[in-house]
Amino acid sequence: MKMRFRNMLGSREARGNAFYNIISVIIAVIFLFPIYWLLMMSFKSDAEIFSPILTYFPHDFTLEPWLLNIQDKEFFMSLRNSCIIATMSMCLSMIIGIPAAYGMGRYKVPGKRVMLLAFLVSQMLPPSLMLTPMYLIFNKMGLLGTFWAPVVAISSGSIPFIVVILRSYFNSIPRSLDDAARIDGCNALQSFFRIMIPAIKTGIITVAVISFLGGWNDLAYSMTFNVMPEMRPLTANIYKFQSKYGTRWNAIMAYGAILVAPVVLAFIFLQKHIVGGLTAGAVKE
Amino acid sequence: MWGCLQAPKGRRRISIPIATKMKLEGLLFVLPGFLYTVIVLGYPLVYNILLSFQNMDVRSFVRGTSMFIGLANFKALFSNPTFQLVLKNTLVFTIGSLVFQFTIGFALALLFAKRFRLAGPIRGSLLIAYMMPMSVTAMLGKNIFGVSAGLINDLLLKIGLIHRPVEWLVSTSTAMIAVVAMNCWVGIPFNMLILTSGLTNISESIYDSAAVDGATAWQRFRYITLPLMRPAILAVLMLGFIYTFKAFDLMFVMTAGGPLNATDVLGTYAYQLSFTKHQFSMGAATGMILFCCLLVVGLFYLRLIAAEED
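Please read all numbers here as calculations on a predicted model, not as lab measurements.

This paragraph deals with the overall build of chain B. Of the regular secondary structure elements, chain B holds 14 helices and zero strands. Going from N to C terminus, chain B has its helices and strands arranged as α-α-α-α-α-α-α-α-α-α-α-α-α-α. Scaling as 2.2 N^0.38, a compact globule of 310 residues should have a C-alpha radius of gyration of about 19 Å, whereas chain B reaches 27 Å, well beyond that. Taking the principal axes of its C-alpha atoms as reference, chain B extends roughly 100 × 75 × 30 Å. When contacts within chain B are restricted to residue pairs at least 6 apart in sequence, those whose partners lie at least 24 apart make up 68%. When the accessible surface of chain B is split by element, carbon and sulfur atoms take 67% of a total near 15,400 Å². In chain B, which carries 23 positive and 12 negative side-chain charges, the distance between the mean positions of the two groups comes to 9 Å.

Glancing now at the overall build of chain A. When its secondary structure is counted, chain A shows 14 helices and zero strands. Listing the helices and strands of chain A from first to last along the sequence gives α-α-α-α-α-α-α-α-α-α-α-α-α-α. The C-alpha atoms of chain A give a radius of gyration of 24 Å, which is well past the 19 Å a tight globule of 285 residues would have. Principal axes of the C-alpha set define a box for chain A whose edges measure 75 × 70 × 35 Å. Within the span of chain A, comprising 285 residues, buried residues form 53% of the whole. Sequence-distant contacts in chain A: of pairs separated by 6 or more residues, those separated by 24 or more amount to 72%. As displayed, chain A offers around 13,100 Å² of accessible surface, 68% of which is attributable to carbon and sulfur atoms. Of the charged side chains in chain A, 24 are positive and 13 negative; the average position of the first set lies 14 Å away from that of the second.

Interface size, as often reported, equals the accessible area lost upon joining of the parts. Every contact between the two is made by 94 residues of chain B and, on the other side, 93 residues of chain A. For the pair chain B and chain A, the two sides together bury roughly 8,400 Å², of which 78% comes from carbon and sulfur. Scanning the region where chain B abuts chain A turns up zero salt bridges. If you look at where chain B meets chain A, you find eleven residue pairs in polar contact (both at pLDDT 80 or more). Of all the elements, helix α1 (residues 18-52) of chain B adds the most residues to the side of chain B that touches chain A, at 20 residues. Its residues assigned to classes, the side of chain B that touches chain A comprises 62 nonpolar, 18 polar and 14 charged.

With that settled, the discussion passes to the pattern of salt bridges. Side chains that differ in sign of charge can pair as their charged atoms come close. The tally for this structure, following the rule as stated, stands at two salt bridges over all chains. Across the salt bridge formed by Arg-248 of chain A and Asp-46 of chain A, the nearest N and O atoms sit 2.6 Å from each other. With Arg-248 of chain A in the loop between α13 (240-243) and α14 (249-282) and Asp-46 of chain A in helix α3 (residues 46-50), the pair connects residues that are 202 residues apart, well separated along the chain. Under the relative-accessibility criterion, Arg-248 of chain A is labelled buried at 9%. Since its relative accessible area comes to 23%, Asp-46 of chain A is described here as partly exposed. We note a salt bridge from Asp-154 of chain B to Lys-158 of chain B, for which the minimum N-O separation is 2.9 Å. Remark: Lys-158 of chain B and Asp-154 of chain B occur in helix α8 (residues 151-159); sequence separation between them is four residues, near one turn of the helix.

A few words now on the nonpolar core. Leu-166 and Phe-170 of chain A are the most contacted members of the largest nonpolar core, which has 188 residues in total. In terms of residue count, α14 of chain A provides more of this core than any other element does, 16 residues in total.

Before going further, it helps to examine the packing of aromatic side chains. Remark: the centre distance and the inter-plane angle together describe each pair of aromatic rings, the angle taken between the planes. Inspection of the entire model under this criterion finds 41 aromatic pairs over all chains. By way of ring pairs, the aromatic residues Tyr-135 of chain A together with Phe-61, Phe-248, Phe-252, Tyr-271, Phe-275 and Phe-280 of chain B are connected into one cluster. In this structure, Lys-44 of chain A packs its charged tip against the face of Trp-37 of chain A, placed 5.7 Å from the ring centre. If you follow Arg-222 of chain B out to its NZ or CZ, it ends over the ring of Tyr-223 of chain B, 5.0 Å from the centre.

Attention now goes to the confidence of the model for chain B. Residues and elements named next belong to chain B. Averaged over all residues, the pLDDT of chain B equals 88, while 94% of them reach at least 70. Element-level mean pLDDT values for chain B span from 82 in helix α2 (residues 58-63) up to 96 in helix α4 (residues 81-112). Note that residues 1-10 has pLDDT below 50 and, in this model, zero contacts with residues that lie over four places away or in other chains. Both scores are available for the predicted complex, with the pTM at 0.88 and the ipTM at 0.87.

A word on empty space enclosed by the protein. All names here are of chain A. According to the stated counting rule, one finds two cavities of 30 Å³ or more in the structure shown. Of the voids in this model, the largest cavity is the one considered here, and its volume is about 1,300 Å³. Considering every element that reaches the lining of the largest cavity, the biggest residue donor is helix α8 (residues 148-171), with six residues. Counted by class, the lining of the largest cavity contains 27 nonpolar, 15 polar and three charged residues.

On to the environment of Val-297 of chain B, then. Residue and element names in this part refer to chain B. Counting through the fold element by element, Val-297 comes out in helix α14 (residues 280-309). Note: C-alpha distance between Val-297 and Leu-239 (58 residues apart in sequence) is 8.6 Å. Setting aside its immediate chain neighbours within four residues, Val-297 contacts Met-238, Phe-241 and Ile-242.

Looking now at the packing of helix α9 (residues 175-200) of chain B against helix α11 (residues 217-245) of chain B. Residues and elements named next belong to chain B. For the pair α9 and α11, the least separation of the axes is 10 Å and the interaxial angle reads 150°. On the basis of their axis angle, the class for α9 and α11 is roughly antiparallel. By crossing handedness, the relation of α9 to α11 is classed as right-handed. Of α11, the residues touching α9 (which contributes Asn-183, Phe-190, Asn-191, Ile-194, Leu-195, Gly-198 and Leu-199) are Thr-225, Met-229, Ala-232, Ile-233, Val-236, Leu-239, Tyr-243 and Thr-244.

Right, let's get into the packing of helix α5 (residues 73-106) of chain A against α8 of chain A. Residue and element names in this part refer to chain A. The geometry of α5 relative to α8 is characterised by a closest axis approach of 6 Å and an angle of 35° between their N-to-C directions. In the crossing of α5 with α8, the sense of the turn from one axis to the other is right-handed. Of the residues in the contact of α5 with α8, the class split is 20 nonpolar, seven polar and two charged.

Residues and elements named next belong to chain B. Turning to its location among the elements, Val-179 is positioned in helix α9. Exposure remark for Val-179: the relative accessible area of 0% places this residue in the buried category. For the pair Val-179 and Trp-168, spaced eleven residues apart in sequence, the C-alpha separation works out to 9.6 Å. If near-sequence neighbours (up to four positions away) are discounted, Val-179 is found in contact with Phe-93, Leu-250, Met-251, Met-254, Thr-255 and Thr-263.

The rules behind each value
- Residues numbered from 1 in each chain as written.
- Chains lettered and ligands numbered in written order.
- Predicted model: local features only at pLDDT ≥ 70, side-chain atom pairs only at ≥ 80, totals over all residues.
- Heavy atoms only, no water.
- Helix = DSSP H or I, 4+ residues; strand = E, 2+ residues; numbered from the N terminus.
- Rg over C-alpha atoms; globule rule 2.2 N^0.38 Å.
- Contact = heavy atoms within 4.5 Å.
- Areas by Shrake-Rupley, 256 points an atom, 1.4 Å probe, with all protein chains shown as cover.
- Lys, Arg positive; Asp, Glu negative; His and termini not counted.
- Charge placed at Lys NZ, Arg CZ, Asp CG, Glu CD.
- Buried < 20%, exposed > 50% of the residue type's maximum accessible area, 1.4 Å probe, protein only.
- Buried area = accessible area lost by both parts, 1.4 Å probe.
- Salt bridge = Lys/Arg side-chain N within 4 Å of Asp/Glu carboxyl O.
- Polar contact = N/O pair within 3.5 Å; in protein donor to acceptor, adjacent residues only side chain to side chain.
- Nonpolar A, V, L, I, M, F, W, Y, C, P; charged D, E, K, R; others polar.
- Core = buried A, V, L, I, M, F, W, Y, C linked by side-chain atoms within 4.5 Å.
- Phe/Tyr/Trp six-rings, centres within 6.5 Å; stacked < 30°, edge-to-face > 60°.
- Lys NZ or Arg CZ within 6 Å of the ring centre and 35° of its normal.
- pLDDT = per-residue confidence, 0-100.
- 1 Å grid on protein atoms, 1.4 Å probe; cavity = no way out; pocket = protein on both sides within 12 Å on 5 of 7 lines; lining within 4 Å.
- Points joined across faces, edges and corners; volume = space filled by probe spheres on them.
- Axes fitted to C-alpha atoms, helices over the stretch in contact; angles between N-to-C directions.
- Parallel < 35°, antiparallel > 145°, perpendicular 65-115°, else oblique.
- Left-handed = near helix turned anticlockwise from the far one by under 90°.

Here it is in structure tokens:
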């Protein structure tokens, strides 16, 4: 019975497929229009930006807004700071988070439930709550005005995330692999570094990218703990074109496009892994 | 042959049972992460609780003369009309965002759970809105909700829905709409992502047998999809609440809480108290109220996760 209908079903499915493809393209065009807007504005001239008539495409295409950013010394300082903060918080979170995820995923650790609870609760402590007490504590410790202040704070958010995601990755490695490692004479550390980490390479890359972006995207911690302009990352300086000559939206949009670039690059190259990682981090399946 | 059963003579080691050794080994891996979390998050949290019952401001912080004043900060907050407005704003912002991002996200999830060629790539590309820096999203919002050369006004005028430009971010009655809209743009892909993964976990065969039994599309949605999706729906709503209620970056950049506190939420208000007015204890008390609200929903979420874990 089913066999006889397969042919008919197949063609219906193909038609459905085309329909869904078209619908989803339309949705993507509408939904991602603000991203197009960001890019398009960044190539408009000053005259076009300040004209009362809104254009949906740059009439005289110009690179000037980009040059305005790139020729600015302050821009490179902020860019450097963003890179430092993102890289440092990525490294710190991974050095501490990956072993924790391994222990949680593969060992019967005493107090595991309590620790898992601590990691899950800590994902619910937002910057807007932690800013005040951390600011006062870091002040006493003399950490304000150093990159360590935002980095330590940002990592406290990334580490639980890494634990939650990678726990299930580590858990999915077949048990026979550790036994084989032990028989070959690997100790715990050797089997962790030589066998377990390479076995979940995609998971490691995913958390590396996500925790890098966590530091890259941070505004609250970096802006509050480091008030000096030469310590500020890109996110905190986004309004610098606002006061000078009215609002130079073209320059701001070019600036925004540069800030979005790492996110877009990550999606182009690692989309599937990031999607999987984000899902695993949000709900346990 | 007997030799095997005898204890080795030369090297006498204190033998630790292998199970205990493994537990210890695991603990050594987990401990740094656990301690880091407890110290870097737990200590400030406790400190924040203490702070909220004191009268710490810049002067008493420097001189170390702050005192415990009981619930005075909380009394002062709840009797302050601005704080009442902030609390109301936070609720309106959260519920408004949740309603729209959930319904639209669910609709998109139903589409992207179908198997078609572009499902994966397009579903992934929508997530850029979720992953990009909030300060850029906020700046973009400020631009497209602009009065004279804003995209939203231009589109609405062209369609004929409005006849003169709306002062979205200038007027107290419309600023919240703009902020919620931008937040939904970020939240929709997140809702879609989690709900899609929930949907793809439902086995095809249930739908097939229901179709054979003559169930309509609506009946299949109502009696199969919704009940089976309950855990995913609850999870996405609770996580959405937690992520939305704590909002800070979006308002800070897009409206700075204005106009006239119309988009001020607990997160931005706590920041102003602590870092503009330097009333650290008042900021901490606002943070505590934020935390308590998150905790209530968070506990439900943890129970849900614990139920799945068993």
